[in-house]
Amino acid sequence: MHRDMLYIGGSWTESKGEGRISVENPATGDIIGSVPEGTLEDADTAVLAAREAFEGWSNSPIEERIRVLNSLSESFKTRTNELAELITKEVGTPIEYSKMAMVGTPRVVTRSYAKLLESYNWEEEVRNSTIVREPIGVCAFITPWNFPLHQIIGKVAPAIAAGCTMVLKPSKEAPLNAFILAEMLDEIGLPKGVFNLVSGYGSTVGSHLASHPEVDMVSFTGSTAAGVRVSQAAAESVKRVTLELGGKSANVVLEDGNGIRAAKSAIGACFANSGQTCSALTRLIVPESILKDIIPIIAERVDGYKPGDPMDPKTRCGPMVSANQQESVLGYIRSGIEEGAILVAGGSDLIEGLESGYFVKPTAFMNVEPDMKIWKEEIFGPVLCIASYSSEDEALSLANDSEYGLSGGVWSEDTDRAIAFAKKMRTGQVSVNGGPFNISAPFGGYKKSGNGRELGVHGFEEFLEIKSIQKPIE
Ligand code: NAD
């Protein structure tokens, strides 16, 4: 899985630099591949290719865009196992979850944009004006490693649908799947220059793309710290910036909520993808009255959430993506213990027999207080923080006590009451009584979780400019 070429202007092209980036399997520590360390010159060549392709693609027939998107979706279907195995090796995601979330979701998201194009209204009349929607232009995409292909497709599919052209810089931890995507788009016959791929580092290629005067929009997914730097780099050229950033989402059980059901579901909602999920519900907020009933359930479930070989179909929890990430998560677990939170399950010891990979024990804490680091900061690992409340106002204030606002959950036997509470949460998504993820609903953050939305029509319209054409009034 050693890739020697970048994909620029419809051809596999040598990088202008000599550097390479190694890709490690976090379950074993083995190097499984490498990609070119793209240079600023490579990024410039890719932007130029995207610029040259823009006129043609922005005027392409809608039927052609629908064909491309449907073919891409089919191609995901054909290559599901290959892609899922690759992403499991890059990220450590358990294989069955990889098939569903890492490949299945991109497949249906891609198809959803073909469907959207069938009925999208590009023009509307408002009094004496015709309002026209047009593709924004050349886009730069900077993406993270945790759901690598899903985050790429959340940008690439709507951009293709909108008639934009693009340069993608994937993460250094999980870049190999992006090379397969380039192969797929090439086979489908996407016109040259519409999609370009330059692997490399964020501080070089990423930052250069964000500041590039020939890039009209930068869409970034990653940490809040890097998102701020991307915004700063983009500011001078006044391009559109969309940011999908971190989270520390609250899962609130109201007084009349089914605490047992909520507790059981809370584990999956926090630990999916080994806790490396931006929208993970990491803060469980429950009435004091049910704490004693749910803690044994949580303890049992967390203990049963056994890490193991992510290629084994029975494994539910894989390793952290890297040694750094493992150290960071263990540091948070140690800090929770030091700050006086009570360990319900797990802990900071390494797991016997799994020392060669970057595993951590799934962990839950109770009595977590708002001034503790584990309450405030995004841990990005399988660590659940539980706090209790004595009034609904206190529950809301705990839920909103975060600089982030990406996701959330509410549990109540009365759906209307849960929805009323959800409306008061300062966050971009809320699941009521375990309501599942919807690929057509807008996804994005309030506060430091970001700007803009992905998925569905809202995600599509991020890639459009709006023009008003005023006609004389007769
Ligand atoms: P990261 O911020 O380290 O890296 C993300 C991407 O940004 C990578 O491609 C990286 O190379 C690039 N980058 C880093 N510094 C840059 C700079 N100065 N200029 C331009 N590009 C730069 O994040 P990560 O560790 O890959 O991913 C984990 C983070 O992503 C978590 O905080 C998580 O919550 C967040 N995330 C958010 C969402 C969402 O939709 N809101 C989804 C997934 C992940």
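Residues numbered from 1 in each chain as written. Predicted model: local features only at pLDDT ≥ 70, side-chain atom pairs only at ≥ 80, totals over all residues. Heavy atoms only, no water.

A.B. asks: Please clarify how the overall build of the protein should be interpreted in this entry.
C.D. replies: In terms of helices and strands, the protein carries 15 helices and 22 strands. The C-alpha radius of gyration computed for the protein amounts to 23 Å, which stays within 12% of the reference 23 Å derived for 474 residues, consistent with globular compactness. A separation threshold of at least 6 residues defines the contact pool for the protein, and within that pool the share at least 24 residues apart is 74%. Only carbon and sulfur atoms are counted for the fraction: they give 50% of the accessible area of the protein, which is about 19000 Å². (Helix = DSSP H or I, 4+ residues; strand = E, 2+ residues; numbered from the N terminus. Rg over C-alpha atoms; globule rule 2.2 N^0.38 Å. Contact = heavy atoms within 4.5 Å. Areas by Shrake-Rupley, 256 points an atom, 1.4 Å probe, with all protein chains shown as cover.)

A.B. asks: Even after reading the chapter, I still don't get the domain arrangement of the protein, so can you show me in this structure?
C.D. replies: Many analyses report the size of an interface as the accessible area lost when the parts associate. For the protein, the domain assignment lists domain 1 (5-245 + 449-469) and domain 2 (250-438). Summed over both sides, the interface of domain 1 with domain 2 buries roughly 2100 Å², with 62% coming from carbon and sulfur. Sorting the residues of domain 1 by area buried against domain 2 places Pro94, Trp145 and Ser449 first, and these three jointly supply 25% of that buried surface. Remark: the boundary between domain 1 and domain 2 carries zero salt bridges. In this assembly, domain 1 and domain 2 are joined by eight residue pairs in polar contact (both at pLDDT 80 or more). Secondary structure elements with two or more residues in the side of domain 1 that touches domain 2: helix 3 (80-91) and helix 4 (95-119). (Domains from an automatic or database assignment. Buried area = accessible area lost by both parts, 1.4 Å probe. Salt bridge = Lys/Arg side-chain N within 4 Å of Asp/Glu carboxyl O. Polar contact = N/O pair within 3.5 Å; in protein donor to acceptor, adjacent residues only side chain to side chain.)

A.B. asks: I tried to follow the side chain of Lys155 on my own but got confused; where do I start?
C.D. replies: You can see Lys155 is positioned in helix 5 (residues 148-162). Reaching out from Lys155, the side chain makes a polar contact with the side chain of Glu454 at a distance of 2.7 Å. Discounting residues that sit within four places of it in the chain, Lys155 has contacts with Phe141, Ile142, Thr143, Ser219, Phe220, Thr221, Glu454 and Phe463.

A.B. asks: Just to check I follow, could you spell out the side chain of Ser58 for this structure?
C.D. replies: Mapped onto the secondary structure, Ser58 falls in helix 1 (residues 40-58). On the accessibility criterion, Ser58 (17% relative accessible area) is buried. Here the side chain of Ser58 touches Glu55 through a polar contact of 3.1 Å, landing on its backbone oxygen. Beyond its immediate stretch of four places on either side in the chain, Ser58 contacts Arg65, Pro135 and Gly163. (Buried < 20%, exposed > 50% of the residue type's maximum accessible area, 1.4 Å probe, protein only.)

A.B. asks: Quick question: what am I supposed to make of a negative patch on the surface here?
C.D. replies: Together, Glu338, Glu339, Glu369 and Asp371 make up a region of like negative charge exposed at the surface. Following the sequence through the fold, Glu338 ends up in helix 11 (residues 323-338). The exposure class of Glu338 is exposed, given its relative accessible area of 68%. (Patch = residues over 30% accessible without salt bridge, like charges linked within 9 Å, V, L, I, M, F, W, Y side chains within 5 Å. Lys, Arg positive; Asp, Glu negative; His and termini not counted. Charge placed at Lys NZ, Arg CZ, Asp CG, Glu CD.)

A.B. asks: Just checking my understanding: could you explain the packing of helix 2 (residues 62-78) against helix 6 (residues 176-188) for this structure?
C.D. replies: When two helices pack together, their arrangement is given by the angle between the helix axes and by the axis-to-axis distance. Close contact between helix 2 and helix 6 brings their axes to 10 Å; oriented N to C, the two are set at 130°. The angle between helix 2 and helix 6 falls in the class oblique. You can see that helix 2 and helix 6 cross each other, and the crossing is right-handed. Residues Arg67, Val68, Ser71, Leu72, Ser75 and Phe76 of helix 2 form the contact with helix 6, whose participating residues are Leu181, Met184, Leu185 and Ile188. Counted by class, the contact of helix 2 with helix 6 contains seven nonpolar, two polar and one charged residues. (Axes fitted to C-alpha atoms, helices over the stretch in contact; angles between N-to-C directions. Parallel < 35°, antiparallel > 145°, perpendicular 65-115°, else oblique. Left-handed = near helix turned anticlockwise from the far one by under 90°. Nonpolar A, V, L, I, M, F, W, Y, C, P; charged D, E, K, R; others polar.)

A.B. asks: Hey, could you run me through the pairing of strand 13 (residues 281-287) in this one?
C.D. replies: For a regular strand, side chains alternate in direction, first toward one face of the sheet and then toward the other. In terms of burial, strand 13 is a largely internal element, seven of the seven residues being buried. Pairing between strand 12 (residues 249-253) and strand 13: four bridges, direction parallel. Paired with Val252 across the bridge in strand 13 is Ile285. For the crossover from strand 12 across helix 9 (residues 259-271) to strand 13, the handedness is right-handed. Examined bridge by bridge, strand 13 and strand 16 (residues 383-389) share five bridges and lie parallel to one another. Residue Leu284 lies in a different strand from strand 16, and its bridge partner there is Ile386. (Pairing = 2+ DSSP bridges. Right-handed = clockwise from strand over helix to strand, strands pointing away.)

A.B. asks: Please explain helix 6 as it appears in this structure.
C.D. replies: Along an α-helix, a turn takes 3.6 residues, which lines up residues three or four apart on a common side. Helix length check: helix 6 (13 residues) gives 19 Å between terminal C-alpha atoms against 18 Å at 1.5 Å per residue, within 8%. Summarising burial for helix 6: eleven of the 13 residues are buried, a large majority. By the burial criterion, the buried members of helix 6 are Leu176, Asn177, Ala178, Phe179, Ile180, Leu181, Ala182, Glu183, Met184, Leu185 and Ile188. At the exit of helix 6 stands Gly189, carrying a positive phi of roughly 90°. (Expected span 1.5 Å × (residues − 1).)

A.B. asks: Any chance you could explain the sheet that holds strand 12 here in plain terms?
C.D. replies: Here we have seven strands laid out as an open sheet, ordered 14-15-16-13-12-18-19, and mixed in their pairing. Each edge of the open sheet carries a strand with a single partner, namely strand 14 (342-345) and strand 19 (431-432). Sitting on the sheet, helix 13 (residues 392-399) is in contact with strand 12, strand 13 and strand 16, with an inclination near 150° to strand 16.

A.B. asks: What should I look at first to understand the sheet that holds strand 5 (residues 123-126) in this one?
C.D. replies: Sheets are built from strands that pair by backbone hydrogen bonding, the pairs being arranged parallel or antiparallel. Strand order in the open sheet made by the three strands is 5-6-22, with antiparallel pairing throughout. The open sheet terminates on both sides in strands that have one partner only, identified here as strand 5 and strand 22 (464-470). Neighbour-to-neighbour, the strand axes of the sheet open up by a mean angle of 25°, direction not taken into account. In terms of strand pairing, strand 5 meets strand 6 (residues 129-135) through four bridges, oriented antiparallel. What sits directly across from Glu125, in strand 6, is Thr130.

A.B. asks: Teacher, can you tell me more about unusual backbone geometry here?
C.D. replies: When glycine is set aside, most residues are seen to have a negative phi, and most peptide bonds are trans. Although it is not a glycine, Ser274 adopts a positive phi angle of roughly 60°. For Ser274, the location among the structural elements is in the loop between helix 9 and strand 13. One non-glycine residue with positive phi stands out, namely Phe380, at about 60°. Relative to the elements of secondary structure, Phe380 occurs in the loop between helix 12 (373-376) and strand 16. For Phe380, a relative accessible area of 16% gives the class buried.

A.B. asks: It is not clear to me how the state of the cysteines should be interpreted in this structure. Could you clarify?
C.D. replies: In a disulfide, the sulfur atoms of two cysteines are held together by a covalent bond. For the coordinates displayed, the defined rule picks out zero disulfides. Of all cysteine sulfurs, the one in Cys139 lies closest to Cys164, which takes part in no disulfide; the gap is 4.0 Å. (Disulfide = S-S within 2.5 Å.)

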